[in-house]
Amino acid sequence: MPIAKRLIAAALLLVSGCDRHGTGTADAQIDADNPLEMAARERGVVRGDATSPVGVFERAHDLGRDAMCVVPDGAGQWRFAMTASFGTSLSCAAKGTIVRDRDGWRMRFAGHEGCEASVREEEEELRLPGQLPPECASLCPSRASLSGLRLPRASWSAADARGLQIGDERGIMNRPCAG
């Protein structure tokens, strides 16, 4: 019996050592002024500031492509352009501004008075609410809606966002976040 107790005690010691975290360079602070860190953030290689929605959100699916670009538009404000495809002849296109709203952002759709939505980013995916206000009904034609749209983050880069091409209602590709 004493041998069994010793084996159990040894096993407990081995297992308890698994919870310890090293104190090496992985725990060091990130030097935000480092030129390599700055370049990586600019290109969207590493995650940018969590308080900024800047970048590209994009998803390709059987019915087409959903995409959104977000660029800075003054202090604490950003502008966006987005499109959602529901097949070859049915799509939504919208533009507007984004401001910080508690733990997420508030999207205000241009040209649609009172059409606002509180959105959040979870697990590198921007999520619109499952139901938009009635003022947003004219964002999309027919029975299409942006309600519940989910867009995975493709980039944290403002340069990528400015370069994103989105087709308009006539199918002409443009860069709505470029200027």
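The structure displayed is predicted, hence computed values, not measured ones. Residue positions are counted from 1 within each chain, in the order its sequence is given. Side-chain atom pairs in this predicted model are given and counted only at pLDDT of 80 or more, local residue features only at pLDDT of at least 70, and totals for whole chains, interfaces and linings cover all residues. Remark: hydrogens and water are excluded; side-chain values derive from all non-hydrogen atoms of the structure.

Student: Just to check I follow, could you spell out the pairing of strand E4 (residues 91-101) for this structure?
Tutor: Walk down a regular strand and you will see the side chains alternate between the two sheet faces. Here a strand pair is declared whenever DSSP counts at least two bridges between the two strands. Segments assigned H or I by DSSP are reported as helices when at least four residues long, segments assigned E as strands when at least two residues long, and all are numbered from the N terminus. Bridge analysis of strand E3 (residues 77-85) against E4 gives nine bridges, and the strand direction is antiparallel. The residue bridging Ser 85 from the neighbouring strand is Ser 91, located in E4. As defined by bridge partners, E4 adjoins strand E5 (residues 104-109) across six bridges and the pair is classed as antiparallel. When the sheet's bridge partners are listed, Ile 98 is paired in E5 with Met 107. Between E4 and the antiparallel strand that follows it, E5, lie two residues; Arg 102 among them carries a positive phi value of about 50°.

Student: Before we go on, may I ask you to explain the sheet that holds strand E1 (residues 55-61) in this structure?
Tutor: Hydrogen bonding along the main chain pairs the strands of a sheet, whether they run parallel or antiparallel. Within the closed barrel, the eight strands sit side by side as E1-E2-E3-E4-E5-E6-E7-E8. Their pairing is antiparallel. Here the strands of the sheet are splayed against their neighbours by 30° on average, with no regard to which way each runs. Interaxial angles span 0 to 180 degrees and are taken between N-to-C directions of axes, which are lines fitted to C-alpha atoms, for helices over the stretch in contact.

Student: What am I meant to see in the pairing of strand E8 (residues 150-155) here?
Tutor: Looking at chain direction, E1 and E8 are connected through two bridges and run antiparallel. Within the sheet, the bridge partner assigned to Val 56 lies in E8 and is Ser 155. Alignment of strand E7 (residues 125-127) against E8, held across three bridges, turns out to be antiparallel. Note that in E8 the partner of Leu 126 across the bridge is Leu 151.

Student: What is the right way to look at unusual backbone geometry in this model?
Tutor: Trans is the prevailing form of peptide bonds, just as negative phi is the prevailing case for residues other than glycine. Despite not being glycine, Arg 102 has its phi angle at roughly 50°, a positive value. Inspection of the secondary structure assignment puts Arg 102 in the loop between E4 and E5. For Ser 142, which is not glycine, the phi torsion reads 55° and is therefore positive. Assignment of secondary structure puts Ser 142 in the loop between E7 and E8. Think of it in three bands: with a 1.4 Å probe and only protein chains considered, a residue is buried below 20% of the maximum accessible area for its type, exposed above 50%, and partly exposed in between. Residue class for Ser 142 comes out exposed when judged on its relative accessible area of 63%.

Student: What is the right way to look at the state of the cysteines in this model?
Tutor: When two cysteine sulfur atoms lie within 2.5 Å, the pair is treated as a disulfide. Applying the stated criterion to the full structure yields three disulfides. Put simply, Cys 115 and Cys 136 are joined by a disulfide, and their sulfur atoms are 2.0 Å apart. Its torsion about the S-S bond being 115°, the disulfide of Cys 115 and Cys 136 is classed as right-handed. Here Cys 115, found in the loop between E5 and strand E6 (116-122), pairs with Cys 136, found in the loop between E7 and E8; they are 21 residues apart in sequence, far enough to count as distant. Of the two residues, Cys 115 and Cys 136, neither departs from the other in class, the shared state being buried. Cysteine pairing in the chain follows 1-6, 2-5, 3-4, where each cysteine in a disulfide is numbered by its order in the sequence.

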